[in-house]
Structure formats: structure tokens, C-alpha cells
Amino acid sequence: MITKKGAEPGRIDNLRKFITKFYADTSVGDFVKDSGILPPTTGDFASYATNPLLSQSLGLDATVDYAVLPDVWIGAASDRIIQVLTGAYGKSTPQQICAGLDTATKG
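Residues numbered from 1 in each chain as written. Predicted model: local features only at pLDDT ≥ 70, side-chain atom pairs only at ≥ 80, totals over all residues. Heavy atoms only, no water.

A.B. asks: Outline helix α5 (residues 94–104), listing residues and values.
C.D. replies: Every α-helix winds through 3.6 residues per turn, so residues three or four apart in the chain are directed the same way. Every buried residue of α5 is accounted for by Ile-97, Gly-100, Leu-101 and Ala-104. Buried residues along α5 cover an arc of 100° about the axis, so they all sit on one side. Exposed positions of α5 whose direction lies more than 90 degrees from the buried face are Gln-95 and Thr-103. Next to the buried residues of α5 lie α4 (80–86). (Buried < 20%, exposed > 50% of the residue type's maximum accessible area, 1.4 Å probe, protein only. Helix = DSSP H or I, 4+ residues; strand = E, 2+ residues; numbered from the N terminus. Arc of directions from axis to C-beta. Contact = heavy atoms within 4.5 Å.)

A.B. asks: Run through the pattern of salt bridges, naming residues and quoting values.
C.D. replies: In the structure shown here, the tally under the stated rule is five salt bridges. The salt bridge involving Lys-17 is made with Asp-13; its shortest N-O contact spans 3.6 Å. Of this pair, Lys-17 and Asp-13 both sit in helix α1 (residues 12–22), separated by four residues, roughly a single helical turn. Under the relative-accessibility criterion, Lys-17 is labelled partly exposed at 45%. Several salt bridges converge on common partners, so that one network encompasses Asp-13, Arg-16 and Lys-17. (Salt bridge = Lys/Arg side-chain N within 4 Å of Asp/Glu carboxyl O.)

A.B. asks: I'd like a description of the packing of aromatic side chains, backed by residues and values.
C.D. replies: The description of an aromatic ring pair uses the distance of the two centres, along with the angle that the planes make with each other. Applying the stated criterion across every chain yields a total of three aromatic pairs. Ring geometry for Phe-22 and Tyr-23: centres 5.0 Å apart, planes at 80°, overall edge-to-face. Phe-22 sits in the partly exposed class, given a relative accessible area of 47%. Tyr-23 sits in the partly exposed class, given a relative accessible area of 42%. (Phe/Tyr/Trp six-rings, centres within 6.5 Å; stacked < 30°, edge-to-face > 60°.)

Here is the structure:
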């Protein structure tokens, strides 16, 4: 998510650099190595996996289906902010998410 201040001219480039570095293969590889869990992105990270079972799991991307949000069970009883944020995994536009967060936090 990008705040209004973060999207201002002169700041958005710093955010782009951060996201690019955060999702670089070496950063994700370190995540795999240090956390011992599947990476948040696709790619070849087997060389980073020190656990043999994790190493085998990294090859499953093409053969399994992963759960995808929004989860239909969240429903109206859920926190308003969570409802808005699940749209990031569905079909909400950045503008819809920002507007929804503005509304949800003005309680």
C-alpha cells in the first residue's frame, strides 16, 4: 500500500527502489533460507533452501493450486479494513482500495 504522502513526486521513486530491492531474487532467496518457508513470489529459489523438504516443495508451483483471497467467508462481520484489503487480492483497483481505506479509517 502507498500512502498519499508516499505517492507524492520525489517520494514515489524511493518507494519503487524499496519494492524492487524487496522482491529481488537475492532478497527473496534470503527469505527462503532464513525462514524455511515457501517464497511469496515465483522463481528458482531451490539453491537457497537448506531443508530438503522445502527444496522439493519449491518445485510444486506448476502442479498445485493455492488458496486465493478474497475469502468469501470473511463477510460483513469482519473488520472493515480487512474487507478493503482483501480487494488487493481480487479485482479492486488501487483507487478503490485507497478510497475504501479512507472510509474505513474515518470511523
